[in-house]
Amino acid sequence: MADFFAPTDDALEALISAIDVRAYEKTRNYLTGKVTRLSPYITHGFITIPELFDRLPKLKRDDKLAFEFGWREFFHHVWHRAGDSILADMRPTLPEVRYRSELPDDVREGRTGLPVIDRAVHTLYDTGYLHNHARMWLASYLVHLRKVRWRTGADWMYAHLLDGDLASNHLSWQWVAATFSSKPYLFNAENVARYAPAGWHCGRSVLDTSYETLEAIARSEQVIDVSPALLGMGEPALAALPPVEASALHIPVGARVRLVHPWMMSSSAFDGIRLGIIHVPFHRQFPWSAARWHFVMQRLQHVTDALFIGDLNELGSSLTTASAVESVMTLNHGYRETLPTVCTQLSAPARHFPNPDKACRSFSAFWSICTQGSEDAPRRAWHR
């Protein structure tokens, strides 16, 4: 796989330096648009959204880029309030529709015969990244035209994305599926032709039709006919364990310890021992591609002094000599339950926008709270 994303501060700095807020607003919907490609670095805690606002002083809350940062924090707000319920239907599925739990082989192998879908699958496997528009097209095709349960597709995509984030990924799939929105997200060949390069276009295909026709299919048990190609692309293997060994662990008496997990991998200085942690039970439930393990472990080894790989419930006895054990909370299952039992100081993840006490079921409700009294409050309604 080509190394499109290096897990280094230099790579992150280059991306930040290239951000053009105005160009992002004008071109972000195009697959060749001026998007930031920061998501892997945000997901894995190289940098926080508050730090990005500090680095981008011209960024205002009414800018499209600020909206996208807001969507990420909104999804985490929902995760904070709903917990693991985000992994199940937040609202009822479309009535009268039966969904299958298996991912079709022609989709998994990128050989559906539809360029927009096959290109998306190949790009996902080759780079560990997809433009948001391509993610939505792929999700919509699977859920509404092939009648694949959204959770099946969400787990599959999450495993291969370098920026795979359970809240952003799974709630976005639910938004497409209409279990976290008011209607199904649909797209057609005209939409692809407008926003994607020619090699993605799908004229004279099942997608070359009206939205009314597509909505009728989405709300029925109809599954579209496909003419898959004979040859496709093999899906990269997934793994529950990283391709490295744990380090010998010795904590001197009185040492301060910072537990560094895959979602908080900042290179900020720390006067003590930085211990990288991989909680294997989580990764058995949500395995990662080799590319994502490479991205995470290369960074984790760079910013830590030692590495623990195993069940965090077994880590406590090794930390008894420490004077203090600190970390940043994460909502990922297993880490979420165990970190409070082994840490003496646990910080909340940094946010730029408020985390309302009352659960917001829509982004518009969340954004209204975020911008109350703000001079930068949006002057127009926003719909994803």
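Residues numbered from 1 in each chain as written. Predicted model: local features only at pLDDT ≥ 70, side-chain atom pairs only at ≥ 80, totals over all residues. Heavy atoms only, no water.

### Focus on the overall build of the protein
Next up, step 1: Helices and strands together make up the secondary structure of the protein, namely 16 helices and seven strands.
Next up, step 2: Taken against the 2.2 N^0.38 rule, which gives 21 Å for 384 residues, the C-alpha radius of gyration of the protein at 22 Å falls within 12% of a compact globule.
Next up, step 3: Taken over the C-alpha atoms alone, the protein extends approximately 70 × 55 × 40 Å along its principal axes.
Next up, step 4: Counting only residues that meet the buried cut, the protein has 53% of its 384 residues in that class.
Next up, step 5: The long-range share in the protein, meaning contacts at least 24 apart out of those at least 6 apart in sequence, stands at 74%.
Next up, step 6: Of the accessible surface of the protein, which amounts to about 17100 Å², a share of 50% is contributed by carbon and sulfur atoms. (Helix = DSSP H or I, 4+ residues; strand = E, 2+ residues; numbered from the N terminus. Rg over C-alpha atoms; globule rule 2.2 N^0.38 Å. Buried < 20%, exposed > 50% of the residue type's maximum accessible area, 1.4 Å probe, protein only. Contact = heavy atoms within 4.5 Å. Areas by Shrake-Rupley, 256 points an atom, 1.4 Å probe, with all protein chains shown as cover.)

### Regarding unusual backbone geometry
Next up, step 1: Backbone geometry places Arg 37, a non-glycine residue, at a positive phi of 60 degrees.
Next up, step 2: Structurally, Arg 37 can be placed in the loop between helix H2 (21–27) and helix H3 (39–43).
Next up, step 3: Looking at Arg 37, the relative accessible area reads 28%, which means it is partly exposed.
Next up, step 4: The phi dihedral of Ala 178 falls on the positive side, at around 75 degrees, and the residue is not glycine.
Next up, step 5: Take Ala 178: it is sitting in the loop between helix H10 (166–177) and helix H11 (189–195).
Next up, step 6: Judged by its relative accessible area of 7%, Ala 178 falls in the buried class.

### As for the sheet that holds strand S7 (residues 345–347)
Next up, step 1: What the five strands build is an open sheet, ordered S5-S3-S2-S6-S7; its pairing is parallel. Either end of the sheet is taken by a strand with one partner, and the two such strands are strand S5 (306–310) and S7. Along the sheet, successive strands turn relative to each other by an average axial angle of 25 degrees, direction set aside.
Next up, step 2: Relative to S5, strand S3 (residues 273–279) runs parallel, the two sharing five bridges. (Pairing = 2+ DSSP bridges. Axes fitted to C-alpha atoms, helices over the stretch in contact; angles between N-to-C directions.)

### Regarding the pairing of strand S2 (residues 256–260)
Next up, step 1: Among the five residues in S2, four count as buried, and that is most of the element.
Next up, step 2: As judged from the three bridges shared by S2 and strand S6 (residues 324–328), these two strands associate in the parallel manner. When the sheet's bridge partners are listed, Arg 256 is paired in S6 with Ala 324.
Next up, step 3: Pairing between S2 and S3: four bridges, direction parallel. Along S3, the bridge assignment pairs Val 260 with Gly 276.

### Remarks on helix H8 (residues 132–145)
Next up, step 1: Its 14 residues place the ends of H8 19 Å apart at the C-alpha level, agreeing with the 20 Å of an ideal helix rising 1.5 Å per residue.
Next up, step 2: Across the 14 residues of H8, 13 count as buried, placing the element largely inside the fold.
Next up, step 3: Once H8 ends, the next one or two residues include Lys 147, with phi positive near 60 degrees. (Expected span 1.5 Å × (residues − 1).)

### Regarding empty space enclosed by the protein
Next up, step 1: In total, this model carries two cavities of 30 Å³ or more according to the counting rule given.
Next up, step 2: For the largest cavity, the calculated volume is near 40 Å³.
Next up, step 3: Around the largest cavity sit Thr 93, Tyr 99, Val 143, Val 148, Arg 149, Trp 150, Ala 177 and Thr 179, which together line it.
Next up, step 4: Class assignment of the residues belonging to the lining of the largest cavity gives a composition of five nonpolar, two polar and one charged.
Next up, step 5: Empty space within the second largest cavity amounts to approximately 30 Å³.
Next up, step 6: What lines the second largest cavity is Ser 140, His 144, Leu 145, Leu 186, Phe 187, Leu 207 and Leu 214.
Next up, step 7: Examining the composition of the lining of the second largest cavity, we find that three residues originate from one element, H8, more than from any other. (1 Å grid on protein atoms, 1.4 Å probe; cavity = no way out; pocket = protein on both sides within 12 Å on 5 of 7 lines; lining within 4 Å. Points joined across faces, edges and corners; volume = space filled by probe spheres on them. Nonpolar A, V, L, I, M, F, W, Y, C, P; charged D, E, K, R; others polar.)

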